[in-house]
Structure formats: C-alpha cells, structure tokens
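So you can see what is in the structure, the chains are spelled out below.
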Amino acid sequence: MIEEWVKQMQNQVNSIEKLEKYINLSDDERHAIEKLNTRWGVSPYFASLMDKDDPECPIRKQVIPSIKERVNEYGMNNYLVWKENRATEEARPDSIARQYHDRIAFTVTETCGIYCRHCFRKELVVDRDLKLRMDVKEGLEWISNHPEIRDVLITGGDPLLLSDDKLKYLVTSLRDIPHIEMIRIGSRLPIVLPQRITDGLKKAIGGYHKVPVWINTQCNHPKEITEQTARAIYELMSCGINVGNQAVLLKGINDDVDTFRELHQKLLRIRIRPYYVFYCEPAPGIDHFRTPVEKGAELIRDALRGHTTGLAQPMYVLATNIGKVPLMPDYYIVGKNEKEYALRNHKGEETKIPNMPA
Ligand SMILES: *Cc1c(COP(=O)(O)O)cnc(C)c1O
Ligand code: SF4
C-alpha cells in the first residue's frame, strides 16, 4: 500500500493546471510561472491552505514564484559557498557544512516538500546551480574521524523525505559513533506535509536512546498550523522527539506585531517551542522578502517580550559564515554604575536593583 505522504509527493502541485484546482491565479503569478525557469512546487495538503482569491495570502507568497526573483540588488552572489565555508582549507565532503567546533550541518538530500521562494539554500535546492555530492557514507566517515563533533544537524533539502529505512540507517549510524551526543533534523514536513509523521517514521527514528533526536521545523505564519499539524507534533513528541521552530522573518508575511505574536503563541499551543527567528538571508533573488536587519529585534520587543510568555520567545539571529549572530532588542538596561542597575520593562516602566561588586 502506498502511504499517504508518498501519494502527496507523487501528486505535487507544480504546474499551472494543477495549481488552478486550488486557486484563481493572478496575472502576475501566471506570468512568473511561465517566464521563470525555476523549480517550484507544493504538496496538495499545503496548497489546500492557500486563499483562493487573495494573491497576498502568506502561503501563496511562500509557494508561488514571483517575477521579483529576477532582481538581485542587495543579495550576495555565490551565497552558499560563502555562508557554508565551502572555500576554506579544511578538506570536507560536500555534504558537511562547518561553522563551529563541536557541530556541523550534514546535507543529505536536495528534495523538499515545498520549494520556499525565500529559501537561503535556493542555489542548491531551487536553482540548482550549486551541485553537491551528497554521499551519506562519506559524510558519516568524516564525522566518525572527527571526535570533536558531538552534535550533527541533518539538513537538506528536507531529510524527512528519505525513506524510513534510510532515516533509520542514518540515525543508527550516527548513534554508533561514540562521540555523537545528539542528533538534530531540520525539516519543514511537520508543517507542509504532516502526513509524513507515520508509525513507520516513529519506529525508525523515535524511541528511548541516550542520544536524543530533536526536530526543528519551519513555520512562518499562523495560517500554516492546522489540526493535522497539532496531531503530527504530538505523535513526534510521544516517541521522545522534541520539536522546535525556526521561523524566517519575511516582509509582508510575518513582519507585523499581530501576526508575529499570533505565530509564536499558536506554535506553543501545538507544543512547538520557538527556537530561532532568522533574518532573511542575503541569498540571490530574494530581496523582496527582506526587511531591515533591526526589524526582528523590534518585533521581539513589541510583540513578544513581556506581552506573552517567555516560552514563546525565540532568539533572533542573523546566520553568517562565522555562525549565527544574535540580534536581540537591547532596551532593558537604561543605566548602570557600581552601585545599581536601572532597568526598563516592555511597558516603559523603570526600576532599579543593587549591583554587586565583582
Ligand atoms: C545553523 C547551523 C548549525 C547549528 O547551529 P545551532 O545554533 O546550534 O542551532 C550548525 N552548523 C551550521 C553550518 C549551521 O548553519
Ligand atoms: S523546505 Fe527548507 S530547504 Fe526546502 S526550499 Fe524550503 S527553506 Fe529551502
């Protein structure tokens, strides 16, 4: 029997004819799909969440190509080579991206459940100008020869599109390496294809083991969360897998106070812990999704801090070739001297606490 998620992948919505079953295309959307030679597509499930008539729908804007992708005034060329330190001296397999001493990103596939228009890995995943050899055996061998690596982030593309057997092999092989203390998987599937969370997957990567598996998904707008998402997250947690979110700050999609707050509150309501909000990276052709850098810190200040629980607070980071740099709001300390600290809260009220000599 073919599993539902496999059928969803086989029936990926990736032509105008298929898309017209879900929405009334605008002229701009139709024009962009016809003119741009770009890989695009979305699962039928996620397509069904699109607004039929509104081209400003936050899901439509993440899924349907825009002619603005031709513009690259502010982006960097060869972005991924820079960002993933692919041009450094340390010899590494193509599948291994390294910015830190103790952890690496391990790229295992270039296929996705949806091809996000704002993807910072679009050179690899969407445009496919950057070709990487994704040899899992070679990557595993490199990891086992590097005892300083204690944390492996499996990424892509979308790793959860691998079969249960392949995922089981990956997780088991990593767990067999004595210096690996934790495994992480970055996947949008809990959001864009929750049907992927099956009993088979739970068996393949779940269950008690001293090396835990963490999944970080990507949800950018409250509209992406359904009853089915809630169920899928519960299933993952019921077999010991923790789920976090890495949102991307996207202009016109989630860069207003109300949407930003609702997104983070709604994530917690379905048991997903907000982990990061990323500044939309300067990859080529995604200028139209980028805000000024400060925007994310302002949103955390105006929508989250003090306005809702600390559990809903992600860290706002800018991902760079030297790692992720936090860019949090800094209005809290309004003054300090040897004797005291003057502090401000989210309502602008001030208070003082005594300082402590070192
Ligand atoms: C994001 C990333 C990691 C993981 O970073 P955390 O801050 O630990 O989540 C590791 N390696 C690379 C290359 C990355 O881009
Ligand atoms: S799922 Fe991830 S890798 Fe794939 S297109 Fe979206 S952001 Fe890029």
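Before reading further, recall that the structure is shown in the block above.
Residues numbered from 1 in each chain as written. Chains lettered and ligands numbered in written order. Predicted model: local features only at pLDDT ≥ 70, side-chain atom pairs only at ≥ 80, totals over all residues. Heavy atoms only, no water.

### A closer look at the site of ligand 1
As a structural note, the neighbourhood of ligand 1 is formed by Ala97, Gln99, Tyr100, Arg103, Ile104, Ala105, Leu153, Arg184, Tyr275, Tyr276 and Lys324. Residue arginine 184 places a side-chain N or O atom 2.9 Å away from an oxygen atom belonging to ligand 1. Bound to the protein, ligand 1 loses 89% of the 390 Å² it would expose on its own. Mapped onto the shell around ligand 1, the elements with two or more residues apiece are strand E2 (103–107) and strand E7 (273–278). A per-element tally of the shell around ligand 1 places E2 first, with three residues. Per-class residue counts for the shell around ligand 1 are seven nonpolar, one polar and three charged. (Near = heavy atom within 4 Å. Polar contact = N/O pair within 3.5 Å; in protein donor to acceptor, adjacent residues only side chain to side chain. Areas by Shrake-Rupley, 256 points an atom, 1.4 Å probe, with all protein chains shown as cover. Helix = DSSP H or I, 4+ residues; strand = E, 2+ residues; numbered from the N terminus. Nonpolar A, V, L, I, M, F, W, Y, C, P; charged D, E, K, R; others polar.)

### As for the packing of aromatic side chains
Tallied over the entire structure, the rule returns four aromatic pairs. In textbook terms, an aromatic cluster arises when at least three aromatic residues are bridged by ring pairs, as seen for Tyr275, Tyr276 and Phe278. The ring of tyrosine 100 has arginine 103 lying over it, and the distance from NZ or CZ to the ring centre is 3.6 Å. Arginine 196 extends its terminal NZ or CZ atom over the ring of tryptophan 5, reaching a point 4.0 Å from the ring centre. (Phe/Tyr/Trp six-rings, centres within 6.5 Å; stacked < 30°, edge-to-face > 60°. Lys NZ or Arg CZ within 6 Å of the ring centre and 35° of its normal.)

### Focus: the site of ligand 2
Every residue near ligand 2 is listed here: Cys112, Ile114, Tyr115, Cys116, Cys119, Val125, Gly157, Arg188 and Gln218. Partitioned by chemical class, the residues of the shell around ligand 2 number six nonpolar, two polar and one charged.

### Observations regarding the pairing of strand E6 (residues 242–248)
Remark: a regular strand shows side chains that alternate across the two faces of the sheet. When you tally the buried positions in E6, you get five out of seven residues, the bulk of the element. By the bridge criterion, four bridges tie strand E5 (residues 213–217) to E6 in an arrangement that is parallel. Paired with asparagine 216 across the bridge in E6 is glycine 244. Assessed by its sense of winding, the connection that carries the chain from E5 through helix H12 (residues 227–238) to E6 is right-handed. Pairing of E6 with E7 involves five bridges; the strand directions are parallel. What sits directly across from glycine 244, in E7, is arginine 273. (Buried < 20%, exposed > 50% of the residue type's maximum accessible area, 1.4 Å probe, protein only. Pairing = 2+ DSSP bridges. Right-handed = clockwise from strand over helix to strand, strands pointing away.)

### Re the sheet that holds strand E11 (residues 340–344)
Spatial ordering of the open sheet is given by E10-E11-E12, a layout of three strands whose pairing is antiparallel. Pairing within the sheet leaves two strands with one partner each, and these edge strands are strand E10 (333–336) and strand E12 (350–354). On average, each strand axis in the sheet is tilted by 20° relative to the strand beside it, whichever way the strands run. (Axes fitted to C-alpha atoms, helices over the stretch in contact; angles between N-to-C directions.)

### Quick word on the packing of helix H8 (residues 136–144) against helix H9 (residues 164–175)
Two elements in contact, H8 and H9, have axes separated by 11 Å at closest approach and are oriented at 15°. Here H8 lies roughly parallel to H9, going by the angle between them. Like other packed secondary-structure pairs, H8 and H9 cross with a definite hand, here right-handed. Along its contact with H8, which presents Val136, Lys137, Leu140 and Ile143, the element H9 presents Tyr169, Leu170, Ser173 and Leu174. (Parallel < 35°, antiparallel > 145°, perpendicular 65-115°, else oblique. Left-handed = near helix turned anticlockwise from the far one by under 90°. Contact = heavy atoms within 4.5 Å.)

### A short note on the pairing of strand E8 (residues 315–320)
Of all the six residues making up E8, five are buried; the element is thus mostly covered by neighbouring parts of the structure. Pairing geometry for E7 and E8, over three bridges, is parallel. Looking at E8, one finds that tyrosine 276 is bridged to methionine 315. Read from E7 through helix H14 (residues 295–304) to E8, the crossover connection turns out right-handed. The turn linking E8 back onto strand E9 (residues 323–326) is made up of two residues.

### Some remarks on the side chain of arginine 39
As for its position among the elements, arginine 39 is in the loop between helix H3 (27–35) and helix H4 (44–47). Buried charge without a partner: arginine 39 forms no salt bridge, and the closest opposite charge is glutamate 110, 4.6 Å away. A polar contact is formed between the side chain of arginine 39 and the backbone oxygen of glutamate 110, at a distance of 3.0 Å. Here tyrosine 115 takes part through its side chain, which lies 3.4 Å from a polar atom of the side chain of arginine 39. Residues in contact with arginine 39, not counting those within four places in the same chain, are Glu110, Thr111, Tyr115, Arg117, Val125, Val126 and Arg128. (Lys, Arg positive; Asp, Glu negative; His and termini not counted. Salt bridge = Lys/Arg side-chain N within 4 Å of Asp/Glu carboxyl O.)

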